[in-house]
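Here is how the chains run, residue by residue.
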Amino acid sequence: WQNGRLQNSDGKSIRPLGTAQPAGALSNRLDFSKDIPPAMLGEGWNQPEAGHRWTTKHAVVFLKGAADGGDKHYTLTINGSLNVDFFDQNQVTMMLKADDQAIGKHTFNESGEFTVSQSFEGNFPGPIELRLELDQTFRPSEAGNTTDSRELGISVNRIQLLYR
């Protein structure tokens, strides 16, 4: 057990019994303007809004991986938006992990819409647990004239994972 996650002797994450995601309910893309199968969403997401969802500090999605296994070249694309004015030093950093393997790090220092495209190699047979980990979040109630006390990170519209 390390960092709140069950791991084997190689340091790989192990899903406890009964938590595996059904592969038939998964897709390689997630569009928050449409209905999302519940099996694709893990922890760390706020309720849907008009075509997007806000993350908390750590957000998880389950995406369809290569059924045949073997080493593949993956390209992950995340579309969303944020306002850096709400974060310390007007920036926020996002670490990306696939099945607990670090695959990329992105620092946002401009407000507005964004597209993150991250390529990586690996052997990810079956469902892939994708983690978006932010170094900080904000609460709208602390930033202005609102009673919204949700923990917010970045707003995500779409996530897509392609492989070859």
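Residues numbered from 1 in each chain as written. Predicted model: local features only at pLDDT ≥ 70, side-chain atom pairs only at ≥ 80, totals over all residues. Heavy atoms only, no water.

Chemist: When you look at the overall build of the protein chain in this model, what are you seeing that I'm missing?
Modeler: A count of helices and strands for the protein chain gives one helix and nine strands. Ordered by position in the sequence, the α and β elements of the protein chain form the string β-β-β-β-β-β-β-β-α-β. When the 164 residues of the protein chain are sorted by exposure, 43% land in the buried category. A separation of at least 24 residues holds for 65% of the contacts in the protein chain among residues at least 6 apart in sequence. (Helix = DSSP H or I, 4+ residues; strand = E, 2+ residues; numbered from the N terminus. Buried < 20%, exposed > 50% of the residue type's maximum accessible area, 1.4 Å probe, protein only. Contact = heavy atoms within 4.5 Å.)

Chemist: Got a minute to help me understand unusual backbone geometry in this structure?
Modeler: Negative phi values dominate among residues other than glycine, just as trans dominates among peptide bonds. Residues other than glycine seldom take positive phi values, yet Gln89 does so here, at roughly 55°. Residue position: Gln89 is located in the loop between β4 (72-82) and β5 (92-98). Despite not being glycine, Asn90 shows a phi value in the positive range, around 50°.

Chemist: How do you make sense of the confidence of the model for the protein chain when you look at a structure like this?
Modeler: Residues shown with low pLDDT carry predicted positions that ought not to be read at fine detail. Across the protein chain, the average pLDDT comes to 87, with 85% of residues at 70 or higher. Taken as a whole, residues 1-6 scores under 50 in pLDDT and shows nine contacts with residues more than four places along the chain or in a different chain. Within the model, pLDDT remains below 50 along residues 13-23, and this stretch shows 18 contacts once partners closer than five positions in the same chain are excluded. (pLDDT = per-residue confidence, 0-100.)

Chemist: I tried to follow the pattern of salt bridges on my own but got confused; where do I start?
Modeler: Should their charged atoms come close, side chains of opposite charge can pair. Going through the model one piece at a time under the given rule, you end up with seven salt bridges. Across the pair Arg150 and Glu49 runs a salt bridge whose closest N-O atoms are separated by 2.8 Å. With a gap of 101 residues between them, Arg150 in the loop between α1 (140-143) and β9 (155-163) and Glu49 in the loop between β1 (29-31) and β2 (53-54) connect regions that are remote in the sequence. Residue Arg150 is classed as partly exposed on the basis of its relative accessible area, which comes to 28%. (Salt bridge = Lys/Arg side-chain N within 4 Å of Asp/Glu carboxyl O.)

Chemist: What is the right way to look at the packing of aromatic side chains in this model?
Modeler: The geometry of an aromatic ring pair is captured by two quantities: the separation of the ring centres and the angle between the planes. Tallying each qualifying case throughout the model produces nine aromatic pairs. Between Tyr74 and Phe120, the ring centres sit 5.1 Å apart and the planes meet at 10°, which makes this aromatic pair stacked. Pair noted here: Tyr74 is in strand β4 and Phe120 is in strand β7 (residues 112-122), with a separation of 46 residues, a long-range link. Using a relative accessible area of 0% as the deciding quantity, one classes Tyr74 as buried. Ring geometry for Tyr74 versus Phe124: centroids 5.4 Å apart, planes at 80°, classification edge-to-face. Here Phe124 lies in the loop between β7 and β8 (128-134) and Tyr74 lies in strand β4, a separation of 50 residues in the sequence. Three or more aromatic residues joined by ring pairs make a cluster, and in this case those are Trp54, Phe86, Phe87 and Phe138. (Phe/Tyr/Trp six-rings, centres within 6.5 Å; stacked < 30°, edge-to-face > 60°.)

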